[in-house]
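Fold and contact review
Residues per chain are reported as follows:
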Amino acid sequence: MALAYRGFNISQDAILGAMPDDPRSGYFDATGLRWGDPYTAFVGSVDGSTSNHTGYGVYFPPIVSAAQHFGAGIARAGEGVAPADVYAAVLGGHPVVAWVTTDWGHHTGGYQAFDGRWVMYSPVEHAVAVAGVSDSSVLVNNPLSGPQWISKSTFESAFSSFDNMAVIVV
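Residues numbered from 1 in each chain as written. Predicted model: local features only at pLDDT ≥ 70, side-chain atom pairs only at ≥ 80, totals over all residues. Heavy atoms only, no water.

1. Structural notes on the layout of surface pockets
For the largest pocket, the calculated volume is near 1,100 Å³. Looking at the largest pocket, it is lined by 37 residues, and the ones nearest its centre are Gln12, Phe42, Ile63, Ala127 and Pro143. Counting only elements with at least two residues in the lining of the largest pocket, the list comes to helix 1 (2–5), helix 2 (12–17), strand 5 (55–57), helix 3 (60–69), strand 7 (96–101), strand 10 (125–133) and strand 13 (166–169). In terms of residues, the lining of the largest pocket owes the most to one element, strand 10, which gives five residues. Residues belonging to the lining of the largest pocket are distributed by class as follows: 25 nonpolar, 11 polar and one charged. (1 Å grid on protein atoms, 1.4 Å probe; cavity = no way out; pocket = protein on both sides within 12 Å on 5 of 7 lines; lining within 4 Å. Points joined across faces, edges and corners; volume = space filled by probe spheres on them. Helix = DSSP H or I, 4+ residues; strand = E, 2+ residues; numbered from the N terminus. Nonpolar A, V, L, I, M, F, W, Y, C, P; charged D, E, K, R; others polar.)

The following block contains the structure:
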């Protein structure tokens, strides 16, 4: 959605094809959940499920690489992006991909990836394209439900679940 806003007409399949994937399923061992590293690849199947550990998602580095592969510019990407920076980018005409939760609640947790990295994790991990801002609300293009206005406090709570992870597209 963020790329389309910037004039890039690229299919979801093409974007997925431009990033590494780790199709292995997750499992539990004596230390807890073990699964792929979403900082390096799309974890699981895009059609999989977090509840049975067959599909999870991807974090900002592979998204940045895929966007740049198709010629998009990135103003900023990573964790620790202040909500005020998200709002300023959107008001400046730059769409933002933000990691939130599907239920708009705040969740914490994590697992050790197969490569040893500790990964922030929630079974309700989700990403949305932030497209508008008002005094009290944020307009997101939600792949699950379409455009919706979310209160800033609700958005910021869900956004903090993934340490304010975002990609600002220019």
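Further notes follow.
2. Brief notes about unusual backbone geometry
Even without a glycine there, the phi angle at His53 is positive, about 60°. With respect to the element layout, His53 can be found in the loop between strand 4 (42–44) and strand 5. Positioned with a positive phi, Asn164 is a non-glycine residue whose angle comes to about 55°. Relative to the assigned elements, Asn164 resides in the loop between helix 5 (152–160) and strand 13. Take Asn164: its relative accessible area is 15%, and that puts it in the buried class. (Buried < 20%, exposed > 50% of the residue type's maximum accessible area, 1.4 Å probe, protein only.)

3. As for the nonpolar core
Core analysis: the largest hydrophobic core is formed by 23 residues, its most contacted members being Tyr56, Tyr59, Trp99, Tyr111 and Met165. For this core, the secondary-structure elements that each account for two or more residues are helix 1, strand 3 (32–35), helix 3, strand 7, strand 8 (110–113), strand 9 (118–120) and strand 13. No other element matches the three residues that helix 3 contributes to this core. Val90, Ala98, Val133 and Ile150 belong to the second largest nonpolar core, which has 20 residues in total. (Core = buried A, V, L, I, M, F, W, Y, C linked by side-chain atoms within 4.5 Å.)

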